[in-house]
Amino acid sequence: MTTTISVIVPVRDGMPWLDEQLRALTQQECSAPWEVIVADNNSSDGTSDLVLRWIERCDRIRLVDASTVRGPGATRNLGARHARGDLLAFCDADDVVHPGWLSAHVSALADAAVSGGLVDYWSLNGLPAPADVDGAQPPAMGLFGFLSAAPSGNLALRRVVFESIGGFAEDLMTGEDFDLSWRAQLAGHRFTVTNRAVIARRDRQGFKPVFLRYVEYGRSGPKLYRRFRPYGLKRDLRVAGKTWVWLLLSLDRKSTRLNSSHITI
């Protein structure tokens, strides 16, 4: 039987970045049959019109209406229900997959159940690339000192595993990727990281979006702790400290870039 793969892209008001992501996805080279499912969670900025224009140019792309659900986990789950693939890959509308991203995940899932990739956090954010690009691990790796996890924007897994563990937790607005990765491993499924599956991640802009994002991190942390404490997850205040340091550094970096742009103008 031929293995097929579905790429699921959840989106809400994805303009203008979704165009760049869809272009990168349509340029992927993969020997296995594949498709792209864009799950539109009630966008009001012309996102659906953009996707329909892409559908006219590329028959791999499909648009599904996810306006009836709330949150990223529920949007991804709805997209997965419409997918035809034996393998499911997830990426975000405002990021950009590198060449070879899809085939790397397909190869990784030949002997693993869940696959995570690497994150390029520099190329879309005006930052210099690190000296050891291959050493850039997903932000979720080892953060809690528990099981490995992949970020939801660079994650692939076998469909049968996804369905057996119930997909993404729909009550979590953040941390749903930790939750899914951990539940899969606790159910006995092998997790792997492939260095060839790379996505360029785009930082959120402005204080309010970044701050609200980290507020959600703060809300999901206790939920994750309560759920996985029986399996060995330990309370670690250093994680909260790292999170807020990361937030402050991110805001400082954004402020620097904004000030530089203002001076140039």
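Now for a look at the structure at hand. Quick caveat: nothing in here was measured; it's all calculated off a predicted structure. Residues take numbers from 1 onward in each chain, read along the sequence in its written order. Where local features are concerned, this predicted model is filtered to residues with pLDDT of at least 70; where side-chain atom pairs are given and counted, the filter is 80 or more; whole-chain, interface and lining totals use all residues. By convention in this description, side-chain values take in all heavy atoms of the structure and omit both hydrogens and water.

1. A closer look at the packing of aromatic side chains
Definition in use: Working definition: rings of Phe, Tyr and Trp (its six-membered ring) pair if their centres are within 6.5 Å, and the pair is stacked with planes under 30 degrees apart, edge-to-face with planes over 60 apart, and tilted otherwise. Where helices and strands are cited, they refer to DSSP runs of H or I of at least four residues and of E of at least two residues respectively, numbered from the N terminus. The buried label applies to any residue whose accessible area, calculated with a 1.4 Å probe on protein chains only, is under 20% of its type's maximum; exposed applies above 50%, and partly exposed to all values in between.
Counted according to the given criterion, the structure contains 9 aromatic pairs. Between F90 and F168, the aromatic rings sit 5.1 Å apart at their centres with planes inclined by 90°, giving edge-to-face as the arrangement. With a gap of 78 residues between them, F90 in strand β4 (residues 87-91) and F168 in the loop between α5 (159-164) and α6 (176-186) connect regions that are remote in the sequence. Across this residue pair, the class does not change: F90 and F168 are buried. Seen from their ring centres, F146 and W182 are 4.9 Å apart, and the 90° between their planes marks the pair as edge-to-face. Of this pair, F146 sits in the loop between β6 (114-120) and β7 (154-158) while W182 sits in helix α6; the two residues are 36 residues apart in sequence, bridging distant segments of the chain.

2. Section: the environment of R60
This is how the line gets drawn: By the convention used here, residues are in contact when the closest approach between their heavy atoms is within 4.5 Å.
Take R60: it is sitting in the loop between α2 (47-57) and β3 (61-65). The spacing of R60 and T26 is 34 residues in sequence and 7.9 Å in space, taken between C-alpha atoms. Setting aside residues up to four positions removed in sequence, R60 forms contacts with W34, E35 and V36.

3. A word on the pairing of β4
Operational definition: Paired strands, as defined in this entry, are two strands with at least two bridges between them according to DSSP.
The element β4 is largely enclosed, with a buried count of 5 among its 5 residues. Relative to β4, strand β1 (residues 5-11) runs parallel, the two being bridged by 4 bridges. Within β4, the position partnered with V7 by the bridge is A89. Relative to β7, β4 runs antiparallel, the two sharing 5 bridges.

4. Some points on the nonpolar core
Applied cut-off: Here, nonpolar core means buried Ala, Val, Leu, Ile, Met, Phe, Trp, Tyr and Cys residues that are tied together by side-chain atoms lying within 4.5 Å of each other.
Ranked by size, the top nonpolar core spans 34 residues in total, and within it V7, L22, L25, V36 and W101 carry the most contacts. Put simply, the parts of the chain that give this core at least two residues each are β1, α1 (17-26), β2 (34-40), α2, β4, β5 (96-97), α4 (101-108) and β8 (191-200). Setting aside residues up to four positions removed in sequence, W101 forms contacts with V7, L25, Q28, A89, F90, C91, N154, R196, A197, V198 and I199. In this structure, I8, V64, V114 and L155 belong to the second largest nonpolar core, which totals 24 residues.

5. Here we look at the packing of α1 against α2
The description of two helices packed together rests on the angle between their axes and the distance between the axes. Put simply, the rule reads: Every angle, taken between N-to-C directions, lies between 0 and 180 degrees, and every axis is a line fitted to C-alpha atoms, over only the stretch in contact when it is a helix. Roughly parallel here means an angle under 35 degrees, roughly antiparallel means over 145, roughly perpendicular means 65 to 115, and every remaining angle is called oblique. By convention the crossing between two helices is left-handed if the near helix lies anticlockwise of the far one by an angle smaller than a right angle, and right-handed if it lies clockwise. Residue polarity is assigned by list, with Asp, Glu, Lys and Arg as charged and Ala, Val, Leu, Ile, Met, Phe, Trp, Tyr, Cys and Pro as nonpolar; anything else, Gly included, falls into the polar class.
At a minimum axis separation of 11 Å, α1 and α2 run at an interaxial angle of 25°. Here α1 is positioned roughly parallel relative to α2, judged by the angle of their axes. Where α1 crosses over α2, the handedness of that crossing is right-handed. Along the contact surface, α1 presents L18, D19, L22, R23 and T26, while α2 presents T47, L50, V51 and W54. The residue inventory of the contact of α1 with α2, partitioned by class, reads 5 nonpolar, 2 polar and 2 charged.

6. Comments concerning unusual backbone geometry
Between M15 and the following residue, P16, the backbone shows a cis peptide bond with an omega angle of 0°. Position of P16 among the secondary structure elements: in the loop between β1 and α1. A positive phi angle, near 70°, is found at N42, a position not held by glycine. Considering the arrangement of structural elements, one finds N42 in the loop between β2 and α2.

7. Some words on the pairing of β1
A regular strand places its side chains on the two faces of the sheet in alternate fashion. We count it as follows: Handedness rule for crossovers: strands pointing away from the viewer, path from the first strand over the helix to the second running clockwise, crossover right-handed.
Here β1 lies mainly inside the structure; 7 of its 7 residues are buried. Judged by which residues are buried, β1 turns out to be covered on both faces: I5, V7, V9 and V11 on one side and S6, I8 and P10 on the other are all buried. In terms of strand pairing, β1 meets β2 through 7 bridges, oriented parallel. By the bridge assignment for β2, V7 is matched with V36. In terms of handedness, the path from β1 via α1 over to β2 forms a crossover that is right-handed.

8. Remarks on the side chain of R159
For clarity, the threshold we go by: In the analysis that follows, any N or O atom pair within 3.5 Å is treated as a polar contact, provided that within protein one partner can donate a hydrogen and the other can accept it, and provided that, for residues neighboring in sequence, both atoms belong to side chains.
With respect to the element layout, R159 can be found in helix α5. For R159, the side chain forms a polar contact with the main-chain oxygen of A80, separated by 3.0 Å. Every residue in contact with R159, bar those within four places of it in the chain, is listed here: A80, R81, A83, R84, G85, D86, L87 and L88.

9. Here's the deal with α1
Just so we agree on the cut-off: Here the arc refers to the directions that run from the helix axis out to each C-beta atom.
When we look at burial in α1, the residues that qualify are L18, Q21, L22, A24 and L25. The buried residues of α1 all sit within an arc of 160° when viewed along its axis, so they share a single face.

10. Brief notes about α6
Where burial is concerned, most of α6 is hidden: 9 out of the 11 residues are buried. Listing the buried residues of α6 in full gives E176, D177, F178, D179, L180, S181, W182, A184 and Q185.

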